[in-house]
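Listed below, chain by chain, are the residues.
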There are 2 protein chains.
Amino acid sequence: MPREITDKRKKRIEQVLARRQKDLTLVFDNIWDPHNVSAVLRSCDAFGVLDVHLYYTTSSWPELGKKSSASAKKWIRRTRHVDAGAMVETLRAGGGQVLRTGFSETARPVMDFDFTLPTAIILSNEHRGTAPEIAELVTDEIFIPMQGMVQSFNVSVAAAIILYEAFKQRHEAGMYDAPTLDRDELEELRHQWCGR
Amino acid sequence: MPREITDKRKKRIEQVLARRQKDLTLVFDNIWDPHNVSAVLRSCDAFGVLDVHLYYTTSSWPELGKKSSASAKKWIRRTRHVDAGAMVETLRAGGGQVLRTGFSETARPVMDFDFTLPTAIILSNEHRGTAPEIAELVTDEIFIPMQGMVQSFNVSVAAAIILYEAFKQRHEAGMYDAPTLDRDELEELRHQWCGR
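As the structure is a prediction and not an experimental result, all values here were calculated from the model.

Caption draft 1: The interface of chain A and chain B, seen in detail. On the side of chain B, 38 residues touch chain A, which itself brings 38 residues to the contact. Summing the contributions of chain A and of chain B, the shared interface buries around 3300 Å²; its carbon and sulfur component is 62%. Looking at the side of chain A facing chain B, the largest losses of area belong to Gln147(A), Met149(A) and Tyr164(A), adding up to 25% of the total buried there. Our count for the contact surface shared by chain A and chain B stands at 2 salt bridges. When the shortest N-O distance is used, the salt bridge between Lys168(B) and Glu165(A) registers 3.0 Å. Our count for the chain A to chain B interface comes out at 18 residue pairs in polar contact (both at pLDDT 80 or more).

This is the structure in structure tokens:
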């Protein structure tokens, strides 16, 4: 049974759920560093991501601390995948675009994408990059234009910038003004969240 | 005497210097965590910040590791300040806007600011917030709109998002297409950087 919660908290949960974007998701492709994972989950929560997908084949999903920085994981639904092909197919179902971070010649800057479309963004392992079986299936690469001497961003910073860009576009399009979840989904999640 | 460097590196240094924005700066107000400081410097480098200002009165400027994540500090000029009033006056000289991160009722979202103006953004200590003597002088607060349950961002994520927004606006305004530094400044910095 859910513990007693204040009306204020209940209202906050309802407001947050009403702004969750069910068609904006991230994929964690073997991201191993717990600080990175916690930070990305925090950005997901901040910009209204409801679901993330976990693809862990060469690294393990890290143990996340009990610190406040890890608390965002309570508010993000996680789905595990073992089959890259099935995962990408699911993400593309209904016409969604699937992108991955990368720097090849055909990569396009983050501002050039339309994030009001249903979108999944694959964030890859800090050292090895995208898993080859995913890279084969997903060719649309996204990058953040860098003007400096250092050539790469930390994955949590890259995720925050991409999600901010997506938030801005969706905010301007009014996509946070009405729930993306239907009544039953909202009710079920409200019930679950009130128990956390 | 500068060590021998390749033509490729020399060219890269020239390109990066030509894109440095001398009127976009950050102030580190007692940010103590070395990971945060390293990450913010990396975002500064990435988005063309040339100068940062250090205001350390209650914390110490942290020792930054030799790791690659700390390498951005080589490309960012740092100026120490001990007098908040003199620092803010310098930052405002010539009509620059000085902003600080904050959540008071008059704070405005990051998208509402015009970052094509000369701008300094004060990032404050992770626990104590803005130093009171700075808060008194700088009342324009900037925040990143958050849609989730968790109420705050890590300072390095906040800095990255603010600098990305500034980059986007300046990029659209063509401000990275011509040097902001004059010929003598460029020459001096080129000489210094080639020796690093």
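Caption draft 2: The pattern of salt bridges, seen in detail. Residues and elements named next belong to chain B. One pass over the full model with this rule turns up 16 salt bridges over all chains. One salt bridge in this structure joins lysine 22 and glutamate 185, with 3.2 Å as the shortest N-O distance. Of the two residues, lysine 22 sits in the loop between helix H1 (7-19) and strand S1 (24-29) while glutamate 185 sits in helix H6 (residues 183-194), which places them 163 residues apart along the sequence. Overall, lysine 22 belongs to the partly exposed group, its relative accessible area being 37%. With a relative accessible area of 28%, glutamate 185 lands in the partly exposed category.

Caption draft 3: The arrangement of the relation of the copies chain A and chain B in detail. Take chain A, turn it by 180°, move it 0.0 Å along the axis, and it overlays chain B with an RMSD of 0.0 Å. Considering both components of the superposition, the chain copies are consistent with a two-fold axis. Comparing interface residues between copies, 100% of those in chain A also sit at the interface in chain B, which points to an isologous, same-surface contact.

Caption draft 4: Highlighting unusual backbone geometry. All names here are of chain A. Residue asparagine 30 is not a glycine yet carries a positive backbone phi of 60°. Among the structural elements, asparagine 30 can be located in the loop between strand S1 (24-29) and helix H2 (34-46). Exposure remark for asparagine 30: the relative accessible area of 1% places this residue in the buried category.

Caption draft 5: Seen up close, helix H3 (residues 84-92) of chain B. All names here are of chain B. What H3 keeps buried is the set Ala84, Met87, Val88 and Leu91. Summarising the axial view, the buried residues of H3 lie within an arc of 95°, below the 170-degree limit, and thus occupy one face. The elements touched by buried residues of H3 are S1, strand S2 (51-55), strand S3 (77-81), strand S4 (97-101), strand S6 (119-124) and helix H4 (132-135). Two or three places before glycine 85, at the opening of H3, aspartate 83 has a side-chain oxygen 2.9 Å from that residue's backbone nitrogen. Glycine 94 occupies a position one or two residues after H3 and carries a positive phi of about 75°.

Caption draft 6: Representation of the pairing of S4(B). Residues and elements named next belong to chain B. Of all 5 residues in S4, 4 are buried; the element is thus mostly enclosed. Inspection of the sheet shows S4 paired to S6 by 4 bridges, in the parallel sense. Across the sheet, glutamine 97 pairs through a bridge with threonine 119, a residue of S6. As defined by bridge partners, S4 adjoins strand S7 (residues 141-143) across 2 bridges and the pair is classed as parallel. The partner of threonine 101 across the bridge, within S7, is isoleucine 142.

Caption draft 7: The arrangement of the sheet that holds S2(B) in detail. All names here are of chain B. Spatially, 7 strands are ordered S3-S2-S1-S6-S4-S7-S5 in an open sheet, and the strand pairing comes out parallel. Two strands lie at the open edges of the sheet, namely S3 and strand S5 (108-109), each paired on one side alone. As paired strands, S1 and S2 are joined by 4 bridges and run parallel to one another. Bridging across to S2, valine 27 finds its partner in histidine 53. Strands S1, S2, S3, S4 and S6 of the sheet are contacted by H3, whose axis makes an angle of about 165° with S2.

What counts as what
Residues numbered from 1 in each chain as written. Chains lettered and ligands numbered in written order. Predicted model: local features only at pLDDT ≥ 70, side-chain atom pairs only at ≥ 80, totals over all residues. Heavy atoms only, no water. Contact = heavy atoms within 4.5 Å. Buried area = accessible area lost by both parts, 1.4 Å probe. Salt bridge = Lys/Arg side-chain N within 4 Å of Asp/Glu carboxyl O. Polar contact = N/O pair within 3.5 Å; in protein donor to acceptor, adjacent residues only side chain to side chain. Helix = DSSP H or I, 4+ residues; strand = E, 2+ residues; numbered from the N terminus. Buried < 20%, exposed > 50% of the residue type's maximum accessible area, 1.4 Å probe, protein only. Least-squares fit on C-alpha atoms with pLDDT ≥ 70 in both. Arc of directions from axis to C-beta. Pairing = 2+ DSSP bridges. Axes fitted to C-alpha atoms, helices over the stretch in contact; angles between N-to-C directions.

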